[in-house]
2 protein chains.
Amino acid sequence: MTEANAKSDHYVGVDFGGTKILTGIFDPHLKCIGKSKVSTKAERGASAVIDRIVRCVKDAIDECDLSLKQVKGIGLGAPGAVDPDSGKVIFAANLGWKDVALKKELEKELGVPVFLENDCNICALGVYETELKTKPKSMLGIFVGTGIGAGIIIDGKLYSGFNKTAGEVGHMVLEVGGPKCGCGNKGCFEALASRTAIFRRVLSAVKDGQKTVLTEMLGNDLKDLRSGDLRKAIRKGDKFVEKVIEESAEYIGIAVASLINVLSPEIVVLGGGVIDALEDEMMAIIVETAMDYSLNGTMNGVEIIASKTGDDAGIIGGAVLAKKETK
Amino acid sequence: MTEANAKSDHYVGVDFGGTKILTGIFDPHLKCIGKSKVSTKAERGASAVIDRIVRCVKDAIDECDLSLKQVKGIGLGAPGAVDPDSGKVIFAANLGWKDVALKKELEKELGVPVFLENDCNICALGVYETELKTKPKSMLGIFVGTGIGAGIIIDGKLYSGFNKTAGEVGHMVLEVGGPKCGCGNKGCFEALASRTAIFRRVLSAVKDGQKTVLTEMLGNDLKDLRSGDLRKAIRKGDKFVEKVIEESAEYIGIAVASLINVLSPEIVVLGGGVIDALEDEMMAIIVETAMDYSLNGTMNGVEIIASKTGDDAGIIGGAVLAKKETK
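Residues numbered from 1 in each chain as written. Chains lettered and ligands numbered in written order. Predicted model: local features only at pLDDT ≥ 70, side-chain atom pairs only at ≥ 80, totals over all residues.

> Even after reading the chapter, I still don't get the interface of chain B and chain A, so can you show me in this structure?
Where the parts come together, the accessible area they lose is often given as the size of the interface. With 40 residues of chain B at the interface, the matching set in chain A holds 40 residues. Put simply, the parts of the chain that give the side of chain B that touches chain A at least two residues each are strand E6 (88-92) and helix H8 (239-263) of chain B. A total of six residues in the side of chain B that touches chain A trace back to one element, the largest contributor, which is H8 of chain B. Of the residues that constitute the side of chain B that touches chain A, the class distribution is 22 nonpolar, 15 polar and three charged. (Contact = placed C-beta atoms within 7 Å. Helix = DSSP H or I, 4+ residues; strand = E, 2+ residues; numbered from the N terminus. Nonpolar A, V, L, I, M, F, W, Y, C, P; charged D, E, K, R; others polar.)

> When you look at the packing of helix H3 (residues 119-130) of chain B against helix H10 (residues 313-325) of chain B in this model, what are you seeing that I'm missing?
Packed helices, taken two at a time, are described by their axes: the angle between them and the distance between them. Residue and element names in this part refer to chain B. The contact between H3 and H10 brings their axes to 7 Å, and the two run at 75°. If you check the angle between H3 and H10, you find them roughly perpendicular. Judged by residue contacts, Asp119, Ile122, Cys123, Leu125, Gly126, Val127, Glu129 and Thr130 of H3 engage Ala313, Gly314, Ile316, Gly317, Gly318, Val320 and Leu321 from H10. (Axes fitted to C-alpha atoms, helices over the stretch in contact; angles between N-to-C directions. Parallel < 35°, antiparallel > 145°, perpendicular 65-115°, else oblique.)

> What should I look at first to understand the relation of the copies chain B and chain A in this one?
Both copies of the chain are placed relative to one another by a rotation about an axis and a shift along it. For the pair chain B and chain A, the relating rotation is 180°, the translation along its axis is 0.0 Å, and the fit reaches an RMSD of 0.0 Å. What the rotation and shift describe, once combined, is the action of a two-fold rotation axis. Here 100% of the interface residues in chain B have copies in chain A that are interface residues too; the copies meet face to matching face. (Least-squares fit on C-alpha atoms with pLDDT ≥ 70 in both.)

> Whenever I open this one, the packing of helix H7 (residues 227-235) of chain B against helix H9 (residues 273-293) of chain B confuses me. Can you help?
Residues and elements named next belong to chain B. Across the interface, H7 lies against H9 with an axial gap of 8 Å and an inter-helix angle of 10°. In this view, H7 runs roughly parallel relative to H9, as classed from their interaxial angle. Note on element contacts: H9 touches H7 through Gly273, Val274, Ala277, Leu278 and Glu281, opposite Ser227, Gly228, Leu230, Arg231 and Ile234. When grouped by side-chain class, the residues that make up the contact of H7 with H9 number five nonpolar, three polar and two charged.

> Just to check I follow, could you spell out the sheet that holds strand E5 (residues 81-83) of chain B for this structure?
By definition, the strands of a sheet pair up through backbone hydrogen bonds, in either a parallel or an antiparallel sense. All names here are of chain B. As summarised here, the arrangement of the three strands in space is E5-E6-E7, forming an open sheet in which the pairing is antiparallel. Each edge of the open sheet carries a strand with a single partner, namely E5 and strand E7 (97-100). The average angle at which neighbouring strand axes cross in this sheet is 15°, direction not considered. Bridge count for E6 against E7 is three bridges, and the pairing is antiparallel. (Pairing = 2+ DSSP bridges.)

> I keep staring at the sheet that holds strand E11 (residues 157-159) of chain B and nothing clicks. Help me out?
All names here are of chain B. Spatial ordering of the open sheet is given by E11-E10-E9-E12-E13, a layout of five strands whose pairing is mixed. Looking at the sheet topology across the chains shown, the edges are occupied by E11 and strand E13 (303-306). Mean inter-strand twist for the sheet, computed between neighbouring axes without regard to direction, equals 25°. Note: strand E9 (residues 139-144) against strand E12 (residues 267-271), five bridges, orientation parallel. Each bridged residue has a counterpart across the sheet, and for phenylalanine 143 the counterpart in E12 is glycine 271. Of the strands in this sheet, E9, E12 and E13 touch H9, which is tilted by about 165° from E13.

> Please clarify how the nonpolar core should be interpreted in this entry.
Side chains of nonpolar character tend, in soluble globular proteins, to be buried together. With 222 residues, the main nonpolar core has Val256 of chain A together with Val256 of chain B as its most contacted residues. In this structure, valine 256 of chain A is in contact with Ile142, Val268, Ile286, Ala290 and Ile304 of chain A, ignoring residues within four places of it in sequence. (Core = buried A, V, L, I, M, F, W, Y, C linked by C-beta atoms within 7 Å. Buried ≥ 20, exposed ≤ 12 C-beta atoms within 10 Å, placed from the backbone.)

> Which parts of the structure should I look at to understand the pairing of E9 of chain B?
The side chains of a regular strand alternate, residue by residue, between the two faces of the sheet. Residue and element names in this part refer to chain B. Of all six residues that make up E9, six are buried, and the element is covered over most of its length. Because side chains alternate across E9, one face comprises the buried residues Met139, Gly141 and Phe143, and the other comprises Leu140, Ile142 and Val144, equally buried. Of the pairings in the sheet, the one linking E9 to strand E10 (residues 148-154) comprises six bridges and is antiparallel in character. Paired with leucine 140 across the strands is isoleucine 152, a residue of E10. Between E9 and E10, which pair antiparallel and follow one another directly, the connecting turn spans three residues.

> Just to check I follow, could you spell out the environment of aspartate 312 of chain B for this structure?
Residues and elements named next belong to chain B. Looking at the element boundaries, aspartate 312 is found in the loop between E13 and H10. When the C-alpha atoms of aspartate 312 and leucine 218 are compared, they prove to be 27 Å apart, with 94 residues separating the residues in sequence. Not counting chain neighbours up to four residues away, the residues in contact with aspartate 312 comprise Gly24 and Cys32.

> Explain H10 of chain B here, please?
Because each turn of an α-helix spans 3.6 residues, side chains separated by three or four positions end up pointing in the same direction. Residues and elements named next belong to chain B. Over its 13 residues, H10 extends 18 Å from the first C-alpha to the last, a length consistent with the 18 Å expected when each residue adds 1.5 Å. Among the 13 residues in H10, 11 count as buried, and that is most of the element. Among the residues making up H10, those that are buried are Ala313, Gly314, Ile315, Ile316, Gly317, Gly318, Ala319, Val320, Leu321, Ala322 and Lys323. Those residues of H10 that are buried lie in contact with strand E1 (10-16), strand E2 (20-26), strand E4 (71-78), strand E8 (114-118), H3 and E12. (Expected span 1.5 Å × (residues − 1).)

> I keep staring at the domain arrangement of chain A and nothing clicks. Help me out?
All names here are of chain A. If you check the domain split of chain A, you get domain 1 (3-119 + 313-325) and domain 2 (132-307). For domain 1 versus domain 2, the distance between C-alpha centres works out to 27 Å. Listed per partner, the contact involves six residues of domain 1 and six residues of domain 2. At three residues, strand E5 (residues 81-83) tops the list of elements feeding residues into the side of domain 1 that touches domain 2. Residue composition of the side of domain 1 that touches domain 2, by class: four nonpolar, one polar and one charged. (Domains from an automatic or database assignment.)

Below, the structure is given as structure tokens:
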């Protein structure tokens, strides 16, 4: 196809995190036709990171034998407080960013409309638009990975609140005086049930002499430990790892119940790397615990399910946002 | 004024709780011109309780030298899950009610339009409409009394969610494995910071030999202990009571921060009997703790204030609802 007759009917989704930038190219029906990934290198500063996003997007488009002219819109999820209207990242602790005009910079470089959202919001939007059979009025999407965050859908729309920070469920306190969290407080949900929390519990026990097949699999220092290794260990009958994962699933269930009590959503969708890797081991415990801890009457007809979007939640959400906004 | 020329421009607010029914009569400008109170006697069953609500409303109207013909609408807050559309109390644990067609029954007896809401929602609505100088898009009203609940305003409207149970913040877990809650779980916000929790902590310490001026004031069994007594004890220099109240204020602050992290409201208003009685002792600690525990960026420009509506929050909210709905 020559540039002259190129139709701009493709969408680009960008999942922009503290560690990596993942770009997906989507056809007009939101089918993913190609991807590209680069590391973020946040330490190089905002301008260098923006260059890397631009390169990642261009690489993915080129990989699909497309040109920027064939892209109708780009949707990008960024970690932190994001203002979709001004197109600014207001605040992103992981990146060390404050008031970065990301939309403007990307549009200047790429010449295509760019739409921004918070990363968990964009994942929730992607799940809501592509994964649910019905269109419930309210949905809570909780993503458990290195950290924990959520996107909230109210009246069929993303809800981000006064400071555009709604959904920071990882920093609900579940255990006053509990383990220290990256945010500086103690006992946050994220400090109890994220991958970081799970790995810390495993490493600390191993250091204290705990026997586990994980050390046979990965060596005594457990370098390169990943969520999938925990699943393998459990399937090999490792009772210690099973217990750690059960405990984390219970914390997730308690948090889900707390959030159902507060928000009364119609559906709760769980996603993120930890849930992807350990769905079979965790979901039944999460649902059971949530039912135990939710107040009488709050769970009637409420579904709690695992997302199947996996690592692609962010890019799918980005493409959905781009399609919605360029309609 | 004779019945013939009576203008129906008054509003009635009813605060219907597990212990008492309070009715307020309001003039066209929502000024309260009279009240009446009866006990609920929930144990006599729904039909008997409805008769008592009817009597309480009639008494208050009569006390103001008005007739039912001069009432344009009645707004009533009930404890539990309430469906304003069907006019039913779906579920109310304190009352032992399930699916009670309260609106229909009251309208039959009183011949005036009746509008129902959850009790915390109606209090939040009253605060929102009558107490705030500006009209923020979002507000969280948290009421700390015998129990703890909240009303959530999103986009200027009450938000009650899928099961009409949103705002049950008293049953967010703040301390996994903490003190037992009336709901059957452990470590709920309500089990840590409600009047019930505060009194339990005081009584248990006194039983264990703790010295306090409260026993001088009320006798060793602390029968008839009220929130106001705690304030008096603190003002008399009772360090033990001061510590109990500080601890409760800290829990409230942690819960406020958790809710700001989740909901990002523009303003948080605290009300209910405990806050009314102990505002001076608790508010500074609540605000400071909330600032400590809220995530960076979530508190920008957010106000945390105490409501001045006191015991009248429910009846004011009821009158506001009645006026809104009969416009």
